[in-house]
Each structure stands twice: as C-alpha cells, then as structure tokens.
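# Summary of the model geometry
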Amino acid sequence: MQVLQDLPALLLSTFFDILPIALIIFGFQFLVIRKRIKHLKKVLMGMFYVLIGITFFLLGLEEALFPIGRTMAAQLTNPLFLESVRISVGELQWTDYYWVYVFAFAVGAGTTIAEPALIAVAMKAHEVSGGAIGVFGLRVAVAIGVAVGLALGTYRIVTGFPMHYFIISGYIIVVVQTYFAPKLIVPLAYDSGGVTTSTVTVPLVAALGLGLAETVPGRSALLDGFGLIAFASLCPMISVMAYAQLSEFKNRPHRIHN
Amino acid sequence: MKRSLHLFLSSLLGSLRDLLPIVLVIAFFQLFVLEQTPDHLLQIFIGLIFVILGLTFFIFGLEQGLFPIGESMAHAFANKGSAFWLLTFAFALGFGTTIAEPALIAVADEASAVASQAGLIENSEQAMENYANGLRYTVALSVGVAISLGVLRILLNWPIHYMIMVGYIMVIVMTGFAPDEIIGIAYDSGGVTTSTITVPLVTALGIGLASSISGRNPMVDGFGLIAFASLLPIVFVLAYGMIV
C-alpha cells in the first residue's frame, strides 16, 4: 500500500515544519512569560492533532487530488484538446481556451472551500463577530473571489496582458471599496486575501499556470507562469467587502417616499 | 466519551461536505469535458478518506491547541506590558514559520532559475543557490517585520487602511523600477507565505491582543496581521530584485 509507505516520512517532515513554531512558542513561554500553560496536556494533544491532521491531509492530497489535478491541467491546455473544442477558425483565439477559464474558476472555488487556513479564520470571525458573520457565508464569499481571480489570471496568461495593470486596478477597487464597506469587515477582508492560498490551492494552481504558459504561443513558462497566486490573493478582498456591502444593503430599512 | 465521539462524527461529516465541491468539479471535467475515467480509482478513494480525516483532525487540533495557545500568549504578553518582548515574539513567529515554508522554498528555486535565464545573475549553481537563499531570507524577514508591524498597529491603534494603502503605493511605484522578471514572483510571494499553521496562530494572537487591551475591538483591531504578512513580502521582494 503506497499510502502507508509514505506515511512515516511525511509525518516526520510535517513534524520538522511544526518544530520551529513549537520551539518559538514554548521558548517564549518558558523564558519570557514564565508562567505555566493552562491545560498543557490539552494544548499538547491539540498540537498533536494538528500534526496528524496536516499529515493525513497532505498525504491524501498527494494520493488523490494533486496527480489528477496536474494531469487535467496539462490535458486542458494541450493543443490537441484545444483544437477539438475550438469555436473560432484560423489561429487559436483567446476564446478557444474557455474550458481553461471554467476549470480555473471551478477549481478555485472548490479548493478554497476545503482550505484549512480559511476554515480557521472563518471560525474566529464567527466567534468574534458574535455570530454576525457566518462561517459558511464568509467561505463562499472568499471562494467566489478566488474563482474569479484565477479565471482572470488564466485569461491574462492566454492574452499576455501585463500583470501589473490588473493588480493595480485591483488595488484601486480595494481602496475605493474600503471607503464604502462597513468598517467592521475591512481588516477581515484584507486578511482573507492571504489565507486563501495555501495547502490545497497553490499546487493545483501552479500546475495550471505553468501548463498554460508552456503551451500558449508566445508565452514563456518562466515569465508568465507566475502571477496566478497574486490574482487569487487580491480578488477575495474585493469579494468579501462586496459580500458585506450587499448584506448591509439588504438589511437596510427601506425608505419609502410617499 | 460518547459526546466526543458524536463531535468527531459531526466534524467528519463537515469535512466531507467541505471536500465535495472539488470532487464534483474534477468528476465533471473528467466525465463530460475530457470524456475519460481516471485510473487508480481505488487509490483516489483512499486518498480522499485521508484528506477528510486530516481536515477533521486539523480542526479538532485548532480548537484544542493552536487557538488557545495563541490567545493565552497574547493575554500573557498584554499583562506583562512589555512591548519589546511582544514585538520580538511577533518577529520570531513570522520569521521562523516562513523560513522553513516548503512552498516558499519551491518558489525561491524557480525564481533563481528565472533570474539566471534573464541574465540577472550568473548562470552557475552557486549563484542560483545564493539568489534563492537570499530571496528566502528576504521573504522571511519581510513576514517577521510584517507581523511585528501589525502587532504595533494593534498596540498604537493605527488605522489599518492607511497602512495598507501606503503599501499599495510602494508596490505600484516599485513595479515601475524593478526588473520585469521579478514582478510576477514578487506578487506571488505575498500569497505563499501564510501557511496552514501560521494563519490560525497569528489570527489568535491578534484577536487575543485586541481583546485584552481596553478600547480595542477584536473585529476591527484583531484581524489584519495576515494582510500585512501578504503585502510586505511583495515590497521586500521587489526591493530585492532592484538591489541584486
């Protein structure tokens, strides 16, 4: 069983990933704070669960999702496949890559819903806001942002527009929204940009970006393969603020002019 | 015992629900777009079971371990009243969790390949390794500075949106001066720094601090640390590209 063979090595490497964090925490706890940790046994058990959880999670992703995701990214950007589904005549147009955009959108949304770091932030936001922010609502808002971001990012790779125009426009939208969005949501929205892209999303997205940049004529894998993650971190800020603006707008008492 | 088993089963169900969308997406593309059935179905099935178990354990561990320790340390530092140690801790947490981040190591290696191909550095193993290591330390340093800056913001009650806007302006201006090859990598580096373990810890730290300092609202002041940790690496990497 391949899974069980990989387990010890992966467990060890996750352990070494967590080790510096544990050393920093316990180092400061014992040398600077010098107080006993409350419920030490429970906290240690919790950390152990995190270790096991991340190991199993990565192992499962490596076994199940990543190989198939990478293969699909390669298949969808394969010129033979594009030739068979194209809708234009003559040279390949950017519209012929429509399955790539749909795939980027769907994978972005799907992986974001399963992203552990986002679940953690959503749980905290729910708790701190006294239930006003729903765990699932926030996650869906972020997922839509990532989905749109990745679709835009793949479109950019296909068309070859310079990336900074998109990013700067995104910044301007974020700044404008900051002034109109409910004040309570702004820091959370800024945070949601960073949490979306970790364990699940990055490997799949990287495969898609590189696959595209390698097969689209005139693109270089090294120059154009990067940048998808930037889109996936920018758009959730916009979608989370938009979500808050929409729910505020919906809950606003209606003023009726007689 | 019965209660914790019940809790475990219900979070298992939650993880199953979380994973369903991506499974459906892949199944749809396999069957209807690419018109094929994936090989190794049994292996995929076993893998999925591991993913679901892993997610369940992770969330269990969050609530028992990472959240409580992050918050209790924030309270302890706030009671101790030493800003120096708090900022040192914030820096160590940011730097220490980033320097070993596997995603960052991968990106730094790719970036060194780009740089050598573009002729920014010599095309030798040694030069590429130096470049990749330099990039890693730059990003780790930037995350350390970012978390400390974010903590300082909570302590001094600075408005987050002005700080973020200053960051944006720096990114935009520096994009004009940095070599083209580094821009994509710089923009991406903001996203890869925040790992699955760092995010819950840092979030708990921010919220713990904001709730133990009077006059702070955890919702407004507690969040925002991750935002700094994803913006500052862009600035630092652009600067790295301009200097090296």
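Residues numbered from 1 in each chain as written. Chains lettered and ligands numbered in written order. Predicted model: local features only at pLDDT ≥ 70, side-chain atom pairs only at ≥ 80, totals over all residues. Heavy atoms only, no water.

## Notes on the overall build of chain B
- Each helix and strand in chain B was counted, giving 10 helices and 0 strands.
- Counting helices and strands in the order they occur from the N terminus, chain B gives α-α-α-α-α-α-α-α-α-α.
- With respect to the principal axes defined by its C-alpha atoms, chain B has extents near 55 × 55 × 30 Å.
- Evaluated residue by residue, chain B yields a buried proportion of 57% over its 244 residues.
- Considering only residue pairs separated by 6 or more positions, chain B has 80% of its internal contacts joining residues 24 or more positions apart.
- Accessible surface, chain B as shown: approximately 10100 Å² in total, 67% of it carbon and sulfur. (Helix = DSSP H or I, 4+ residues; strand = E, 2+ residues; numbered from the N terminus. Buried < 20%, exposed > 50% of the residue type's maximum accessible area, 1.4 Å probe, protein only. Contact = heavy atoms within 4.5 Å. Areas by Shrake-Rupley, 256 points an atom, 1.4 Å probe, with all protein chains shown as cover.)

## Examining the overall build of chain A
- Broken down by element type, chain A carries 11 helices and 0 strands.
- Reading the helices (α) and strands (β) of chain A from amino to carboxyl end gives α-α-α-α-α-α-α-α-α-α-α.
- A principal-axis box enclosing the C-alpha atoms of chain A has dimensions of 75 × 70 × 30 Å.
- In chain A, the share of contacts with a sequence separation of at least 24, taken over all contacts with a separation of at least 6, comes to 77%.
- As presented, chain A carries roughly 11600 Å² of accessible surface, and 69% of it is formed by carbon and sulfur atoms.
- Computing the positive centroid from 16 side-chain charges and the negative centroid from 13, chain A places the two 19 Å apart. (Lys, Arg positive; Asp, Glu negative; His and termini not counted. Charge placed at Lys NZ, Arg CZ, Asp CG, Glu CD.)

## Focus: the side chain of Glu71 of chain B
- Within the secondary structure layout, Glu71 of chain B lies in helix H2 (residues 41-80).
- Note on Glu71 of chain B: relative accessible area 18%, which makes it buried.
- Contact partners of Glu71 of chain B, with chain neighbours within four places excluded, come to Lys124 of chain A together with Ala204 and Gly208 of chain B.

## Side note on helix H3 (residues 83-99) of chain B
- In this model H3 of chain B runs 24 Å from its N-terminal to its C-terminal C-alpha over 17 residues, within 8% of the 24 Å that 1.5 Å per residue would give.
- Residues of H3 of chain B that are buried: Leu86, Phe89, Ala90, Ala92, Leu93, Gly94, Gly96, Thr97, Thr98 and Ile99 of chain B. (Expected span 1.5 Å × (residues − 1).)

## What about the packing of helix H6 (residues 160-177) of chain B against helix H10 (residues 225-243) of chain B?
All names here are of chain B.
- Put simply, H6 and H10 touch, their axes get as near as 10 Å, and they point 25° apart. In terms of their interaxial angle, H6 and H10 are classed as roughly parallel. When the axes of H6 and H10 are compared, the crossing they make is left-handed. Across the interface between the two elements, Ile160, Met163, Ile164, Gly167, Tyr168, Met170, Val171, Met174, Thr175 and Phe177 of H6 pack against Ala227, Phe228, Leu231, Ile234, Val235, Leu238, Ala239 and Met242 of H10.
- In terms of residue class, the contact of H6 with H10 is built from 16 nonpolar, 2 polar and no charged. (Axes fitted to C-alpha atoms, helices over the stretch in contact; angles between N-to-C directions. Parallel < 35°, antiparallel > 145°, perpendicular 65-115°, else oblique. Left-handed = near helix turned anticlockwise from the far one by under 90°. Nonpolar A, V, L, I, M, F, W, Y, C, P; charged D, E, K, R; others polar.)

## Side note on the pattern of salt bridges
- Inspection of the entire model under this criterion finds 6 salt bridges over all chains.
- We note a salt bridge from Glu127 of chain A to Lys124 of chain A, for which the minimum N-O separation is 3.2 Å. Here Lys124 of chain A and Glu127 of chain A lie together in helix H5 (residues 116-128), a separation of 3 residues that amounts to about one turn.
- Look at Lys124 of chain A and you get buried, because its relative accessible area is 3%.
- A salt bridge links Asp18 of chain B to Arg17 of chain B; the nearest nitrogen and oxygen atoms lie 3.8 Å apart.
- Of the residues examined, Asp18 of chain B reaches a relative accessible area of 4% and is grouped as buried.
- Judged by its relative accessible area of 48%, Arg17 of chain B falls in the partly exposed class.
- Look at the salt bridges and you will find they share partners, linking Glu83, Arg86 and Asp96 of chain A into a network. (Salt bridge = Lys/Arg side-chain N within 4 Å of Asp/Glu carboxyl O.)

## A word on the interface of chain B and chain A
- Tallying the contact residues gives 91 residues for chain B and 87 residues for chain A.
- Taking both sides of the interface into account, the surface hidden between chain B and chain A amounts to around 8200 Å²; carbon and sulfur atoms contribute 81%.
- Considering only the surface of chain B that becomes buried against chain A, Phe50, Tyr168 and Met219 of chain B emerge as the three largest contributors, covering 9% of it.
- The closest approach of N and O atoms between Asp18 of chain B and Arg139 of chain A, which form a salt bridge, is 2.7 Å.
- When residues of the side of chain B that touches chain A are assigned to their parent elements, the largest contribution, 27 residues, is made by H2 of chain B.
- Taken together, the residues of the side of chain B that touches chain A sort by class into 61 nonpolar, 22 polar and 8 charged. (Buried area = accessible area lost by both parts, 1.4 Å probe.)

## Quick notes on a negative patch on the surface
Residue and element names in this part refer to chain B.
- There is a patch of like negative charges on the surface, built from Asp109, Glu110, Glu125 and Glu129.
- Elements with a minimum of two residues in the negative patch: helix H4 (102-117) and helix H5 (125-156).
- With respect to the element layout, Glu129 can be found in helix H5. (Patch = residues over 30% accessible without salt bridge, like charges linked within 9 Å, V, L, I, M, F, W, Y side chains within 5 Å.)

## Quick word on the nonpolar core
- In terms of nonpolar packing, the biggest core is built from 163 residues, with Leu188 and Tyr190 of chain A together with Leu238 of chain B touching the most fellow members.
- The greatest single-element share of this core, amounting to 15 residues, is contributed by H2 of chain B.
- The contacts of Tyr190 of chain A, once residues within four sequence positions are left out, are Val174, Thr178, Met237 and Met241 of chain A together with Ile160, His161, Ile164 and Ala227 of chain B.
- Of all hydrophobic cores here, the second largest spans 11 residues; its members include Leu7, Ile52 and Phe56 of chain A together with Ile46 of chain B. (Core = buried A, V, L, I, M, F, W, Y, C linked by side-chain atoms within 4.5 Å.)

## Section: the environment of Gly149 of chain A
Residue and element names in this part refer to chain A.
- Note on placement: Gly149 falls in helix H6 (residues 135-159).
- C-alpha of Gly149 to C-alpha of Phe136: the two residues are 13 residues apart in sequence and 20 Å apart in space.
- What Gly149 contacts, discounting residues up to four positions off in sequence, is Phe231 and Cys235.

## Brief notes about a nonpolar patch on the surface
All names here are of chain B.
- The grouping of Ile169, Val173, Phe177, Met242, Ile243 and Val244 at the surface amounts to a nonpolar patch, some 640 Å² of accessible area in total.
- Ranked by the residues each element gives to the nonpolar patch, the list is headed by H6, at 3 residues.
- Along the polypeptide, Met242 turns up in helix H10.
- Among the residues examined, Met242 registers a relative accessible area of 39% and is labelled partly exposed.

Worth remembering: the numbers are spatial, not functional.
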